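Chains, contacts and geometry: an overview
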Amino acid sequence: FSLKCHISHEVNHLNEGLKQGLKAELEKNSPALGRSAIYLKESHISGLPRYLTIQFVRFFWKRESNQKAKILRKVDCPLQLDVYDFCSNDLRKKLEGPRKILRDEEGKKAGLKTDEKSSDSNKNAMNIDGSGESSGSTPQDGASEKGEHLTGVYDLVAVLTHKGRSADSGHYVAWVKQEDGKWIEFDDENPIQQREEDITKLSGGG
């Protein structure tokens, strides 16, 4: 399961690209008009996986030059992504309980009072970790066989980047978050420790 971030002149942030990726124009016959017409199709997420893969659609076929090309536009990517607004109404209802528990946990960390009764009543059914997602969830209904639930909130744990301005050449580099919270850049056989603020700068540009 993966989402696509489509990049256009209007897209500056991951959320904007994901919104475009869930929309599509279809041309088909219109009985009312008696001719073909353009329809706008908008999709919604009906199930969430434990780990969510997002592809930045940077490579495309350029008709003018009849060759592959790369979109160099910079698109900001957050360290935490909430996909709740992209979900179907049925999935949103399933996410409400786990999201409330997550908010309560974050409130406790911030020293705020929470609804202890609500939190305790769901403690055995929900197994939310600090990443805002739970282990063992399935993409079909957003819940695992053990009854653990997703919240729709994902922490960034890995990035694969393409260095180079051409679609036919370049170099791929991986950035992976370790269990201790530190980031490691894997460039061939040379692992390099990076700061978290360096990850937020991976917005493209060649």
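This text gives an overview of the structure that appears in the document. Computed from a predicted structure; not experimentally measured. (Residues numbered from 1 in each chain as written. Predicted model: local features only at pLDDT ≥ 70, side-chain atom pairs only at ≥ 80, totals over all residues. Heavy atoms only, no water.)

1. Things to note about the side chain of T161
Just so we agree on the cut-off: Here a strand is any run of E in DSSP of at least two residues, a helix any run of H or I of at least four, and the numbering for each starts at the N terminus. Type-normalised accessible area, obtained with a 1.4 Å probe on protein chains alone, sets the label of each residue: buried when under 20%, exposed when over 50%, and partly exposed for intermediate values. What qualifies as a polar contact is a pair of N or O atoms within 3.5 Å, subject to a donor-acceptor requirement within protein and to the restriction that residues adjacent in sequence count only when both atoms come from side chains.
Locating T161 in the fold gives a position in strand β9 (residues 158-163). Look at T161 and you get buried, because its relative accessible area is 16%. A distance of 3.3 Å separates polar atoms of two side chains, one belonging to T161 and the other to W175.

2. A word on unusual backbone geometry
Residue D188 is not a glycine yet carries a positive backbone phi of 60°. Take D188: it is sitting in the loop between β11 (183-187) and β12 (190-194).

3. Considerations on the packing of aromatic side chains
Operational definition: In summary, the pairing rule links any two rings of Phe, Tyr or Trp, Trp by its six-membered ring, whose centres are within 6.5 Å, and it sorts them by plane angle into stacked for under 30 degrees, edge-to-face for over 60 and tilted for everything else. In this scheme, the term charge over a ring applies when either NZ of a lysine or CZ of an arginine sits within 6 Å of the ring centre and within 35 degrees of the ring normal.
Tallied over the entire structure, the rule returns zero aromatic pairs. When the ring centre of Y39 is taken as origin, the NZ or CZ atom of K28, which lies over that ring, is 5.0 Å away. In this structure, R92 packs its charged tip against the face of Y84, placed 5.2 Å from the ring centre.

4. Re helix α1 (residues 14-21)
So the rule is basically this: Comment: arc refers to directions from the helix axis out to C-beta atoms. It only takes one pair of heavy atoms within 4.5 Å for two residues to be counted as in contact.
Of the positions making up α1, those classed as buried are L14, G17 and L18. All buried residues of α1 lie within an arc of 100° about the axis, which places them on one face of the element. Considering only its buried residues, α1 is in contact with β1 (2-6), β4 (53-57) and β7 (80-82).

5. Observations concerning the sheet that holds β9
Hydrogen bonds between backbone groups are what pair the strands of a sheet, and the pairing can be parallel or antiparallel. Heads up, the condition is: Any two strands with at least two DSSP bridges between them are considered paired. To define axes, lines are fitted to C-alpha atoms, for helices over the stretch in contact only, and angles between the resulting N-to-C directions are given on a 0 to 180 degree scale.
Reading across the sheet, the four strands line up as β9-β10-β11-β12 and stay open at both edges, with antiparallel pairing between neighbours. The two strands at the open ends of the sheet, each matched to only one other strand, are β9 and β12. Sheet twist, expressed as the average angle between the axes of neighbouring strands with direction ignored, equals 25°. With four bridges joining them, strand β10 (residues 171-177) and β11 adopt antiparallel strand pairing. When the bridges of β11 are listed, W175 appears paired with E185.

6. Examining the pairing of strand β3 (residues 35-42)
Note: strand β2 (residues 23-30) against β3, eight bridges, orientation antiparallel. Opposite K28, over in β3, you have A37 as the bridge partner. A loop of four residues connects β2 with β3, the two strands running antiparallel in sequence, and G34 in this loop sits at a positive phi of about 75°.

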